[in-house]
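Next come the chains, spelled out residue by residue.
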Amino acid sequence: MHIPKKLYHLYMNMKISNKLLFGYIVILMVPTICLETIFYQANYNAVLDEYILNEQHSFHSAVQNFSVTLEQISAITLPFESNIILKNYLNGHYTTVSDAMYNYFNYIDALYSPASSSQNVKKVVIYGFRDYPLDLANRLTSIKNFEENEVLIEKIKENYNGFWSLSEDGSIYYYRVLNSNTYPFQFGIIKIETKTPQILECFYSLSKNQLYLYDEQENMLYTYFDNTLEVSAENLDSLREKNKYLFTESLDNFPFVFITAVHTESVINNKSIFLLFTLIVLFIALSFLYYFIARSISHRLSAFNQYIQNTDANTLFAFNVSSYKDEIGHLIDSYNTLILRIEYINNEHFKTQLQKKESEYYALQAQIQPHFLYNTLENIRMNAESHHDTETSEMLLILGKHMRYNLNMSSKPISLEEELHFAKNYLLIHKIRMKEKISIEISVSTELDDIYCPRFLMQPLLENSLLHGYQIGKPLSVQILVTDGQESGHPGNVLIQIVDNGNGIHKDKLTQLLHAINTRQSEANQHVGLLNVNSRLISFYGSDEGILHIKSEPDKKTVVSFFLKKGRESI
Amino acid sequence: MKILIAEDESNIAEGIASILSSQTTFKCQIKLTEDGKDALTVARSFHPDLVIADIRMPLINGLELAEYLKNENICSKVIIISGYSVFEYAQTALRHKVMDYLLKPIDKNHLLYLVNEVYDQLPSSQLNSANWKLPDIPYFSLNLNHKDFPTSLQKIISCIRKNYMRDISLQTLSDELMLHPNYISTLINRYTGVSFTYLLDFIRLQKACGLILFESDITIAEISYIAGYNSERRLYYAFQKRLNCTPGEFKMRYEKIYI
């Protein structure tokens, strides 16, 4: 139960392309290859069987043909057997040369004519058992001239109906005892020397298979090659071992066994190879078809998936691809519609937000009316001035400058020097309120050319110092120290330190604060001022360079510091 | 010195008048007008040395007034006061070659500096240093107009030049320029080779010596105030320290060369 579930999960978590590949292997490749193998095997066997049967059949008919040829040759002896004159001649009835010659040329010589006209016979020789006054070496002679041994003669005598023999040079001979039905005794032997290649011609069509002739008595094996027979170096057992398809045929009147070894290689070489090729082509074609179908699904899906994965939530665009009317096409269409809808809503939302902001801004501006404000302030200030109230005039000057800076709507970065002026004004305004309870100092110890920073960068930090730093009965000192970054290992930067001698930050809180700054996340809207400055510095520099450093000794001093780079006006 | 103030808001006009009459070292004759047209009419008979005009006035505005005054050759020194920091205004103002464009709230010190500048260039001015030629002694050879000076140092020198008549210390300078006192003295030392007090004395004594040599009707006591020493004793002390003589001896020694 556990393992199938696991396998199922494994399968479900695979990529679509892998799933399709898996499907390809399991559903297409393995069954197709198996079926093709089985089919091929079956077909191969059928073809092989048919082929072997066919070969066997032709082998059989070739042997039959050979048998017919043998019959024809043996039939040549018939005229000799039934001829009385020949019998008389052999039995020694003609004792004189002239008698013998007379009878031979008048009666016997004509008997040879069918033999000499036969294609298959080389010569016919008759050996009589007696001595004869006339000795015709190649036609009619005494047994004394019989070149073969006694064993053969005995064998011939035993086989009344003729005897076939094979000489060692592969020639075929036919021997037959001449006897008479009326005279049950033997008076000679007839030997027919065949034209062996001619009579073996009937086997020629079998030449693609190896043909053997086996002499059972002599245990001799002859190999047939190009209408000749040769003594084979092999024996029957080794032949049996070597060849799978070995067929034998034997004839009643022929003492040899025909053996053929069917070579099946040729079967594979043509028909089966073609079949195999067809099957492979079919398999490849199916594979391509499968690939095309699988790709039509998976490719678009994965491309779409890739597109969605790469899409940034802030920049949504429609997925531009030629769409088809299948489910994937519908899916993409739906996605595009959705994106357009989101874009539309976003735009609408943005527009309304913008309009809202704009109207708020105008409402605010209508309330404040900067020019009216400056003018009124300047009126009061100059009035004080005409009454020689320099102190009030100074305060109003500070307030006016502060207002001017505050109401500047520009979002461009300003020079650090300007920002310091603003910081000074801001602190001076507080000094108006708190008088001797606060002392301020702004000390620059480096050149400020070409240093820029976001607007109102320092106000939240100073606000913190003023808000958290003041203790009753202890004058608060707020310092802004600007030094060359070279001294603290940041050449090309300036170090800005905002130092107060107030309460300080408790250790735990400081850790929490630093964590919030490092992760840029605050809990429950705490440290908004610090985080605001931090994130503005980071976005101003586009990196973590502009991060706030905070050090604090409780009840002694707190230092908030950061670096500003030179030459950053363009940002 | 004759100054015409064209400002429709009487509080501001009177305030400026009060500043100018009470905080200048010279005598000011000030006239107030409430609109541009009136200002032009008055200027034709008054011939002011300086016109301070608000940019927004009925009938003729500050910029137009400046143009009329310049075209009629009545007065070329016009300071424009404005509540707007709008770029176009400032641009037009520059095109009309006004002296400066002051934003409300007006920086009193800057205004006084500008007025002093105008005064110094008047032919009748006692402080018109254009005709002065100080004696060619090593003390006056210090060159403070070096272009390679860092911005801060240039600001320090210009601040001292603007305020030499006031009580200046390293601390007041530091408060004004937001620079660390040590940094100020280091900068001065590194680039001019002299100390801060030397530099201050140098600028003050230039004025004092000029006045002694070329304005014979001013008393030493007056000079000590004008030069920012505030007492004859301190002036004497500075002369002794820097020039090794008393103001009287200085006058005796060099007066004859020029007269």
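Thresholds, definitions, all that
- For every chain, the first residue of the written sequence is number 1, and numbering continues from 1 along that sequence.
- Chain labels run from A onward and ligand labels from 1 onward, assigned in the order the entries are written.
- Totals for whole chains, interfaces and linings use all residues, but because this is a predicted model, local features are given only for residues with pLDDT of at least 70 and pairs of side-chain atoms are given and counted only at 80 or more.
- The side-chain numbers reported here are obtained from all heavy atoms of the structure, hydrogens and water having been left aside.
- Every helix listed is a DSSP run of H or I at least four residues long, and every strand listed is a run of E at least two residues long, numbered separately from the N terminus.
- Only protein chains enter the accessibility calculation, which uses a 1.4 Å probe; a residue is then buried when its area is under 20% of its type maximum, exposed when over 50%, and partly exposed in between.
- Residues count as neighbours in contact if any of their non-hydrogen atoms are within 4.5 Å of one another.
- Each accessible area value is a Shrake-Rupley result obtained with a 1.4 Å probe; residue values ignore everything except the protein chains displayed when judging cover.
- Buriedness for pockets is judged along seven lines, at least five of which must meet protein on both sides within 12 Å for an open set on the 1 Å grid over protein atoms alone, while cavities are sets there where a 1.4 Å probe fits but cannot get out, and lining residues have an atom within 4 Å of a point.
- Grid points are joined across faces, edges and corners, and a volume is the space filled by probe spheres set on the points.
- Polar here means any residue other than Ala, Val, Leu, Ile, Met, Phe, Trp, Tyr, Cys and Pro, which are nonpolar, and Asp, Glu, Lys and Arg, which are charged; Gly is therefore polar.
- By definition here, a salt bridge exists when the distance from a side-chain nitrogen of Lys or Arg to a carboxyl oxygen of Asp or Glu is within 4 Å.
- In this count, Lys and Arg are taken as positive residues and Asp and Glu as negative ones, while His and the chain termini are left out.
- Two parts placed together each lose some accessible area; with a 1.4 Å probe, that loss summed over both constitutes the buried area.
- As used in this structure description, the phrase polar contact means that two N or O atoms lie within 3.5 Å; if the pair is within protein, one of them must be able to donate a hydrogen and the other to accept it, and residues adjacent in sequence are counted only when both atoms belong to side chains.
- Working definition: rings of Phe, Tyr and Trp (its six-membered ring) pair if their centres are within 6.5 Å, and the pair is stacked with planes under 30 degrees apart, edge-to-face with planes over 60 apart, and tilted otherwise.
- Only Lys NZ and Arg CZ are tested; either one counts as a charge over a ring when it is within 6 Å of the ring centre and within 35 degrees of the ring normal.
- Only strands that DSSP links by at least two bridges are regarded as paired with each other.
- Lines fitted to C-alpha atoms define the axes, with helix axes restricted to the stretch in contact, and inter-axis angles between N-to-C directions lie between 0 and 180 degrees.
- The reported arc concerns the directions from the helix axis to the C-beta atoms and nothing else.
- For this analysis, a nonpolar core means a set of buried residues of the types Ala, Val, Leu, Ile, Met, Phe, Trp, Tyr and Cys, connected via side-chain atoms within 4.5 Å.
- Clockwise travel from the first strand over the helix to the second, with the strands pointing away from the viewer, marks a crossover as right-handed.

Caption draft 1: Spatial organisation of the overall build of chain B. Summing up its helical and strand segments, chain B has twelve helices and five strands in all. Residues classed as buried in chain B amount to 51% of the 259 residues present. A fraction of 64% describes how many contacts in chain B between residues 6 or more apart in sequence connect residues 24 or more apart. Accessible area for chain B stands at about 12500 Å²; split by element, carbon and sulfur atoms hold 48% of it.

Caption draft 2: Local environment of the overall build of chain A. The number of helices and strands found in chain A is 17 helices and 17 strands. Relative to its 571 residues, chain A shows a buried fraction of 40%. Taking as baseline every contact in chain A between residues at least 6 positions apart, the subset at least 24 positions apart corresponds to 62%.

Caption draft 3: Expanded view of the layout of surface pockets. Residues and elements named next belong to chain B. In this structure, the second largest pocket spans a volume of roughly 730 Å³. Lining the second largest pocket are 31 residues, with Glu-117, Asp-120, Arg-161, Tyr-164 and Lys-207 positioned closest to its centre. When residues of the lining of the second largest pocket are traced back to their parent elements, those giving at least two are helix 5 (108-121), helix 6 (151-163) and helix 9 (196-214). Broken down by class, the residue content of the lining of the second largest pocket amounts to 14 nonpolar, eleven polar and six charged.

Caption draft 4: Up close: the environment of A:Ser98. Residues and elements named next belong to chain A. Among the secondary structure elements, Ser-98 is positioned in helix 5 (residues 97-108). For Ser-98, a relative accessible area of 52% puts it in the exposed group. C-alpha of Ser-98 to C-alpha of Pro-133: the two residues are 35 residues apart in sequence and 8.8 Å apart in space.

Caption draft 5: Representation of the pattern of salt bridges in the model. All names here are of chain A. Taken as a whole and assessed by the stated rule, the structure comprises eleven salt bridges over all chains. Across the pair Lys-122 and Glu-193 runs a salt bridge, and its minimum N-O distance is 3.5 Å. Of this pair, Lys-122 sits in strand 1 (residues 121-128) while Glu-193 sits in strand 5 (residues 186-194), and the two are 71 residues apart along the sequence. Residue classification places Lys-122 among the exposed positions, given a relative accessible area of 54%. Look at Glu-193 and you get buried, because its relative accessible area is 12%. Three or more residues joined by partner-sharing salt bridges are found here, namely Lys-122, Lys-123 and Glu-193.

Caption draft 6: Seen up close, the side chain of A:Lys424. You can see A:Lys424 is positioned in helix 14 (residues 416-434). Here A:Lys424 is buried and forms no salt bridge, its nearest opposite-charge partner B:Glu176 lying at an N-O distance of 5.5 Å. When sequence neighbours within four positions are dropped, the list of residues in contact with A:Lys424 reads A:Ile440, A:Ile442, B:Asp175, B:Glu176 and B:Met178.

Caption draft 7: The arrangement of the interface of chain B and chain A in detail. In this assembly, 32 residues from chain B lie in contact with 29 residues from chain A. Summed over both partners, the interface of chain B with chain A buries about 2600 Å², with 49% contributed by carbon and sulfur atoms. Where B:Lys108 meets A:Glu385, a salt bridge forms, and the shortest distance between an N and an O atom there is 3.4 Å. Inspection of the chain B/chain A interface yields 18 residue pairs in polar contact (both at pLDDT 80 or more). Among the secondary structure elements, those contributing two or more residues to the side of chain B that touches chain A are helix 1 (10-22), helix 6, helix 7 (170-177) and helix 8 (181-192) of chain B. The greatest single-element share of the side of chain B that touches chain A, amounting to eight residues, is contributed by helix 1 of chain B. Here the residues of the side of chain B that touches chain A are counted per class, giving twelve nonpolar, eleven polar and nine charged.

Caption draft 8: Region of the structure containing empty space enclosed by the protein. Residue and element names in this part refer to chain B. This model, assessed by the stated rule, comprises three cavities of 30 Å³ or more. Lining of the largest cavity is provided by Ala-66, Lys-70, Cys-75, Ser-76, Val-78, His-96, Lys-97 and Val-98. Along the lines of polarity and charge, the residues of the lining of the largest cavity split into four nonpolar, two polar and two charged.

Caption draft 9: Geometry of the packing of aromatic side chains. Applying the stated criterion to the full structure yields 31 aromatic pairs over all chains. Here the aromatic rings of A:Phe80 and A:Tyr112 are separated by 5.2 Å at their centres, their planes lie at 65 degrees, and the arrangement is edge-to-face. Taken together, the residues A:Phe80 in helix 3 (residues 77-82) and A:Tyr112 in the loop between helix 5 and helix 6 (113-117) connect sequence positions 32 residues apart. Across the pair, A:Tyr112 and A:Phe80 agree in class, each one buried. Between the aromatic rings of A:Phe254 and A:Phe258, the centroid separation amounts to 5.7 Å while the plane-to-plane angle is 15 degrees, which identifies the pairing as stacked. Assigned by exposure class, A:Phe254 and A:Phe258 land together as buried. Through successive ring pairs, a cluster of aromatic residues spans A:Phe66, A:Trp164, A:Tyr174, A:Phe203, A:Tyr224, A:Phe254, A:Phe256 and A:Phe258. Lying across the ring of A:Tyr11, A:Lys19 places its NZ or CZ 5.4 Å from the centre. The aromatic ring of B:Phe46 is capped on one face by B:Lys2, whose charged end is 5.7 Å from the ring centroid.

Caption draft 10: Up close: the sheet that holds strand 4 (residues 172-179) of chain A. All names here are of chain A. Within the open sheet, the five strands sit side by side as 2-1-5-4-3. Their pairing is mixed. Each of the sheet's edge strands pairs with one partner strand only, and the pair in question is strand 2 (140-142) and strand 3 (163-166). For this sheet, the mean inter-axis angle between neighbouring strands, taken without regard to orientation, is 25 degrees. Looking at chain direction, strand 4 and strand 5 are connected through seven bridges and run antiparallel. Among the inter-strand pairings, Tyr-174 is bridged to a residue of strand 5, identified as Ile-192. Along the sheet face, helix 2 (residues 16-75) touches strand 1, strand 3, strand 4 and strand 5 and points at about 115 degrees away from the line of strand 3. Of the strands in this sheet, strand 3, strand 4 and strand 5 are in contact with helix 7 (residues 150-158), which crosses strand 4 at around 60 degrees.

Caption draft 11: Highlighting helix 7 of chain B. Residue and element names in this part refer to chain B. Taken as a whole, helix 7 has its buried residues at Leu-173, Ser-174 and Leu-177. Viewed along the axis of helix 7, the buried residues span an arc of 100 degrees, placing them on a single side of the element. Along its buried surface, helix 7 packs onto helix 6, helix 8 and helix 9. In the stretch just after helix 7, Met-178 is the one whose phi turns positive, near 60 degrees.

Caption draft 12: The side chain of A:Asp500, seen in detail. Residue and element names in this part refer to chain A. Along the polypeptide, Asp-500 turns up in strand 15 (residues 493-500). Lacking a salt bridge, the buried Asp-500 has Lys-474 as its closest oppositely charged neighbour, with an N-O distance of 7.8 Å. There is a polar contact of 2.8 Å between the side chain of Asp-500 and the side chain of Ser-465. A distance of 2.8 Å separates a polar atom in the side chain of Asp-500 from the backbone nitrogen of Gly-502. Those residues in contact with Asp-500 that lie beyond four places of it in its chain are Ser-465, Gly-469, Leu-476, Ser-477, Val-478, Lys-556, Lys-557 and Thr-558.

Caption draft 13: Highlighting the nonpolar core. Core analysis: the largest hydrophobic core is formed by 89 residues, its most contacted members being A:Leu416, A:Leu420, A:Ile480, A:Leu564, B:Ile156, B:Phe239 and B:Phe250. Here this core takes eleven residues from helix 9 of chain B, the largest share from any one element. If we skip the residues at most four places from it in the chain, A:Leu420 touches A:Ile442, A:Val444, A:Leu448, A:Met458, A:Ile480, A:Val482 and B:Met178. One finds A:Ile172, A:Tyr245, A:Leu251 and A:Leu275 within the second-largest nonpolar core, a separate group that totals 56 residues.

Caption draft 14: Just the pairing of strand 2 (residues 29-33) of chain B, in detail. Residue and element names in this part refer to chain B. Of the pairings in the sheet, the one linking strand 1 (residues 2-6) to strand 2 comprises five bridges and is parallel in character. The partner of Ile-5 across the bridge, within strand 2, is Leu-32. Between the parallel elements strand 1 and strand 2, the chain passes through helix 1 in a crossover that is right-handed.

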